[in-house]
Amino acid sequence: AQTVTQSQPEMSVQEAETVTLSCTYDTSESDYYLFWYKQPPSRQMILVIRQEAYKQQNATENRFSVNFQKAAKSFSLKISDSQLGDAAMYFCAYTDNNDMRFGAGTRLTVKP
Amino acid sequence: DAGVIQSPRHEVTEMGQEVTLRCKPISGHDYLFWYRQTMMRGLELLIYFNNNVPIDDSGMPEDRFSAKMPNASFSTLKIQPSEPRDSAVYFCASSLPGGGTEQYFGPGTRLTVT
């Protein structure tokens with residue numbers, strides 16, 4: 001079964017600085033999709049960014065970008081110019097069909 | 001678009017009682033998912049439907065849990081009888097077909113069983 005591992009239970013960053021959240025996954029599939037979801041204190045799950053495994057180019061969405069290393073099965077999220085509103089739980093997720101698997105999450109604190 | 005709608009937002013019940021959680025997916029979405037989130041186990045997929053048909057219920061903890069989707073716009077997750085260890089946040093999500101499509105989550109139902 002596919003597994004998703006987030007090895008950092010908690011991270012903190014100074015406002016305006018850059019932080020990288022780590023994620024690794026295990027799969028034997030060659031075609032799959034990876035996601036980062038954000039869950040603020042409101043508990044609403046919000047999609048941050050999406051990466052298709054067949055694309056070599058790393059996805060970017062404004063201040064959010066990923067470092068996708070397919071051979072290493074690594075999918076890290078970089079948040080640039082961190083803002084107070086970025087404070088949340090961040091979940092890495094994997095799917096190769098419609099069954100999505102989530103990591104345990106990383107709690108990000110942003111210090112003013 | 002109203003997004004995925006879940007009710008109730010909060011539910012407090014006593015052990016042994018029946019609990020029914022409700023979900024209305026986004027119109028046009030063919031897939032519906034039920035998740036459970038706890039501190040100990042994180043976010044777990046319980047069951048998902050495609051075109052109202054259950055596809056994979058291997059995540060359902062035990063026979064006390066059941067889920068139905070009588071039509072494209074409504075699903076229920078029922079726990080009978082409820083136990084304190086069922087206390088969690090239950091999310092419903094929906095998506096369009098395709099492996100790489102985003103799942104849109106509802107606001108969740110926080111269930112407390114005393």
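These numbers come from a predicted model, not from an experiment.

(A) Structural detail: the overall build of chain A. Across its full length, chain A carries zero helices and 12 strands. Along chain A, helices and strands appear, N-terminal first, in the series β-β-β-β-β-β-β-β-β-β-β-β. Computed over C-alpha atoms, the radius of gyration of chain A comes to 13 Å, within 12% of the 13 Å expected from 2.2 N^0.38 for 112 residues, which places it in the range of a compact globule. Based on the C-alpha atoms only, the size of chain A along its principal axes is roughly 40 × 25 × 20 Å. Looking at chain A as a whole, 49% of its 112 residues are labelled buried. Pairs at least 24 apart in sequence give 54% of the contacts found in chain A among residues at least 6 apart. Across chain A, 11 positive and 12 negative side-chain charges occur, with their mean positions spaced 2 Å apart.

(B) Fine view of the interface of chain B and chain A. With 26 residues of chain B in contact, the opposing surface of chain A contributes 16 residues. Viewed at the interface, chain A and chain B are joined by six residue pairs in polar contact (both at pLDDT 80 or more). For the side of chain B that touches chain A, the secondary structure elements donating two or more residues are β4 (31-38), β5 (42-50), β9 (88-95) and β11 (109-113) of chain B. By residue class, the composition of the side of chain B that touches chain A is 11 nonpolar, 11 polar and four charged.

(C) Highlighting the pattern of salt bridges. A complete count under the given rule lists 12 salt bridges over all chains for this structure. The salt bridge partner of Asp86 of chain A is Arg63 of chain A, with a shortest N-O separation of 2.8 Å. Pair noted here: Asp86 of chain A is in the loop between β9 (74-79) and β10 (88-95) and Arg63 of chain A is in the loop between β7 (60-61) and β8 (64-69), with a separation of 23 residues, a long-range link. Judged by its relative accessible area of 3%, Asp86 of chain A is buried. Two residues, Arg64 of chain B and Glu83 of chain B, come together in a salt bridge whose shortest N-O distance is 3.5 Å.

(D) Representation of the pairing of strand β12 (residues 106-111) of chain A. All names here are of chain A. Every second residue of β12 is oriented toward a common face, the buried set being Thr106, Leu108 and Val110 and the non-buried set Arg107, Thr109 and Lys111. In the sheet, strand β2 (residues 10-14) pairs with β12 via five bridges, with the strands oriented parallel. In the sheet register, Gln14 faces β12, and the bridge partner there is Lys111. Across three bridges, the pairing between β10 and β12 is antiparallel. Residue pairing for β12: Tyr90 is matched across the bridge by Thr106.

Definitions and cut-offs
- Residues numbered from 1 in each chain as written.
- Chains lettered and ligands numbered in written order.
- Predicted model: local features only at pLDDT ≥ 70, side-chain atom pairs only at ≥ 80, totals over all residues.
- Heavy atoms only, no water.
- Helix = DSSP H or I, 4+ residues; strand = E, 2+ residues; numbered from the N terminus.
- Rg over C-alpha atoms; globule rule 2.2 N^0.38 Å.
- Buried < 20%, exposed > 50% of the residue type's maximum accessible area, 1.4 Å probe, protein only.
- Contact = heavy atoms within 4.5 Å.
- Lys, Arg positive; Asp, Glu negative; His and termini not counted.
- Charge placed at Lys NZ, Arg CZ, Asp CG, Glu CD.
- Polar contact = N/O pair within 3.5 Å; in protein donor to acceptor, adjacent residues only side chain to side chain.
- Nonpolar A, V, L, I, M, F, W, Y, C, P; charged D, E, K, R; others polar.
- Salt bridge = Lys/Arg side-chain N within 4 Å of Asp/Glu carboxyl O.
- Pairing = 2+ DSSP bridges.

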